[in-house]
Amino acid sequence: MAATNELSGAKIEGRNIVQHLLAQRPAENFTNSATLRIRDARRQRTEAQVELQTFVTETNWQALYFTRGTNKDHAASLTVIHTENRPNEYRLANFSRPAGDTNESITLHGPQAMIPFAGSDFWLADLGLEFLHWPDQRLLKKELKRSQSCYVLESRHPEANGGYARVVSWMDIDSVRDAGQAAIVLAEAYDAKGRLVKEFEPKGITKVHGQWQLEEMEIRNAKTGSRTSIKFNLEKKP
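So, a few notes on the structure that sits alongside this text.

What counts as what
- Residues numbered from 1 in each chain as written.
- Predicted model: local features only at pLDDT ≥ 70, side-chain atom pairs only at ≥ 80, totals over all residues.
- Heavy atoms only, no water.
- Phe/Tyr/Trp six-rings, centres within 6.5 Å; stacked < 30°, edge-to-face > 60°.
- Helix = DSSP H or I, 4+ residues; strand = E, 2+ residues; numbered from the N terminus.
- Buried < 20%, exposed > 50% of the residue type's maximum accessible area, 1.4 Å probe, protein only.
- Lys NZ or Arg CZ within 6 Å of the ring centre and 35° of its normal.
- Contact = heavy atoms within 4.5 Å.
- Salt bridge = Lys/Arg side-chain N within 4 Å of Asp/Glu carboxyl O.
- Pairing = 2+ DSSP bridges.

**Some remarks on the packing of aromatic side chains**
Considering all chains together, one arrives at 3 aromatic pairs under this definition. Ring geometry for Tyr65 versus Phe117: centroids 6.2 Å apart, planes at 65 degrees, classification edge-to-face. Here the residue Tyr65 occupies a position in strand E3 (residues 61–68), and Phe117 occupies one in the loop between strand E6 (105–108) and helix H2 (124–127), the gap between them amounting to 52 residues. Ring centres of Tyr164 and Phe200 lie 6.3 Å apart, and the angle between their planes is 90 degrees; this geometry places the pair in the edge-to-face category. With a gap of 36 residues between them, Tyr164 in the loop between strand E8 (148–156) and strand E9 (166–172) and Phe200 in strand E11 (residues 196–202) connect regions that are remote in the sequence. A relative accessible area of 10% places Phe200 in the buried class. Three or more aromatic residues link up through ring pairs in this structure, and these residues are Trp123, Tyr164 and Phe200. Over the aromatic face of Trp170 sits the side chain of Lys145, whose NZ or CZ is 4.6 Å from the ring centroid. Above the face of the Trp123 ring, Lys198 is positioned so that its terminal group lies 3.8 Å from the ring centre.

This is the structure in structure tokens:
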């Protein structure tokens, strides 16, 4: 009985942390740019420039990612729509359709978004922090990670469908309590058989437009040996 109560308490705490994070939204519209650096399984390196535009409306906020350049293999345009108390919506441009076709994008939800963005190790779902929308959230413990006091959150998905089935994330306690933002120190994604799929490592955060923003994020793909980093060119304000 004690174990059941402890598990229930862990789920309640985990759910409360996630609900607090999902209720946050940017204070204003803003634009920045980033460099996507890809090293594939054959150790070939590619770079793509990415523009990020964030729009805040009365009902939601939207993050638009699109690549610049002539490399068609890394052409992408993605809009992630965040609406409180609703699942994320991912609108992905479909560049394979015939010229003149009016259906220019496809809309994806949940596990459908576990596909690569611009040929990189980042999935659409990674950019939307989709694991925070999964139904099973629990706080495993609190511990130091990279000299930061962290909540250790476990997120589970009942139907992995070839994607992530479980994500363990270390979130800086101060950023969650004070700013209500997911300052992730480290995250690990596992498949349904418990095998590590990817490791996410942020490298620096800074305050921009009243919000803590990532300076750089690297993903290491444990299955392919590839890795991708995205480094933002942040416009810092006093």
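**Brief notes about the environment of Arg45**
Tracing the backbone shows Arg45 in strand E2 (residues 45–56). A relative accessible area of 67% places Arg45 in the exposed class. In this structure the C-alpha to C-alpha distance between Arg45 and Thr228, which are 183 residues apart in sequence, comes to 9.5 Å. The contact partners of Arg45, leaving out residues within four places of it in the chain, are Ile38 and Arg39.

**Let's talk about the pattern of salt bridges**
In total, this model carries 18 salt bridges according to the counting rule given. Taking the shortest distance from any N to any O, the salt bridge between Glu89 and Arg91 comes out at 2.7 Å. The exposure class assigned to Glu89 is buried, which follows from its relative accessible area of 18%. With a shortest N-O distance of 3.2 Å, Glu143 and Lys141 are connected by a salt bridge. The partly exposed category is assigned to Glu143, whose relative accessible area is 25%. Each of the salt bridges in this network shares a partner with another, and the network as a whole consists of Arg146, Glu199, Glu201, Lys203, Glu218, Arg220 and Arg227.

**Considering the environment of Arg195**
Its place among the elements puts Arg195 in the loop between strand E10 (184–190) and E11. Exposure remark for Arg195: the relative accessible area of 45% places this residue in the partly exposed category. Considered as a pair, Arg195 and Ala165 are 30 residues apart in the sequence and their alpha carbons are 9.7 Å apart. Aside from chain neighbours lying at most four places away, what touches Arg195 is Ala189, Tyr190 and Lys223.

**Details of the side chain of Thr54**
Along the chain, Thr54 turns up in strand E2. When its relative accessible area of 4% is taken as the criterion, Thr54 is described as buried. Other than its neighbours up to four places away in sequence, Thr54 contacts Pro26, Asn29, Phe30, Trp61 and Gln62.

**Quick look at the pairing of strand E15 (residues 227–233)**
Relative to E15, strand E1 (residues 30–39) is paired through 7 bridges, and the arrangement is antiparallel. Its bridge partner lying in E15, Thr35 is registered against Lys231. Direction of pairing for strand E14 (residues 216–221) relative to E15: antiparallel, over a ladder of 5 bridges. From the neighbouring strand, Glu218 faces E15, where its bridge partner is Ser229. A loop of 5 residues connects E14 with E15, the two strands running antiparallel in sequence, and Gly225 in this loop sits at a positive phi of about 80 degrees.

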